[in-house]
Amino acid sequence: MASHEHTEHTGAMKSYIIGFILSIILTIIPLILVLNHMMAKKLLTVSILIAAILQFALQLFFFMHIREGDGPRYNVMALILGLVFAVTVILGSIWIMAFNYVVQ
């Protein structure tokens, strides 16, 4: 039993180390792109957003264990619902701010 617990602990530690290294890489890449002015402004913005989305997914799978647990399907469904709410609020706010001049 002790060896089984040690194997789980080693596997979790390996997962954390891989997640940490990938997280550092996904932080350094946009930093280098910005500091060295390697892209046009719009392309740079898109690359930063892509890195942020990848960083978000990485955090979910490596550190928050979204796939593990008793009901991983429910965790993913709750996450998707939360993302739908967040995207709706953000896009609705942008839409209201963009067309506010029509009302005034």
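Structure: above.
Computed from a prediction, not measured in an experiment: that's the story for all the values here.

Chemist: Describe the packing of aromatic side chains, listing the residues and the values that go with them.
Modeler: Applying the stated rule across the entire model yields two aromatic pairs. Taking 6.0 Å as the distance between ring centres and 5° as the angle between the ring planes, the aromatic pair formed by Tyr-16 and Phe-63 counts as stacked. Of this pair, Tyr-16 sits in helix α1 (residues 2–35) while Phe-63 is found in helix α2 (residues 41–63), placing the two residues 47 residues apart along the sequence. Tyr-16 gets classed as partly exposed once you look at its relative accessible area, which sits at 34%. Judged by its relative accessible area of 28%, Phe-63 falls in the partly exposed class. On the basis of an interplanar angle of 70° and a centroid distance of 6.4 Å, the ring pair of Trp-95 and Phe-99 is categorised as edge-to-face. The exposed category is assigned to Trp-95, whose relative accessible area is 58%.

Criteria and thresholds
- Residues numbered from 1 in each chain as written.
- Predicted model: local features only at pLDDT ≥ 70, side-chain atom pairs only at ≥ 80, totals over all residues.
- Heavy atoms only, no water.
- Phe/Tyr/Trp six-rings, centres within 6.5 Å; stacked < 30°, edge-to-face > 60°.
- Helix = DSSP H or I, 4+ residues; strand = E, 2+ residues; numbered from the N terminus.
- Buried < 20%, exposed > 50% of the residue type's maximum accessible area, 1.4 Å probe, protein only.

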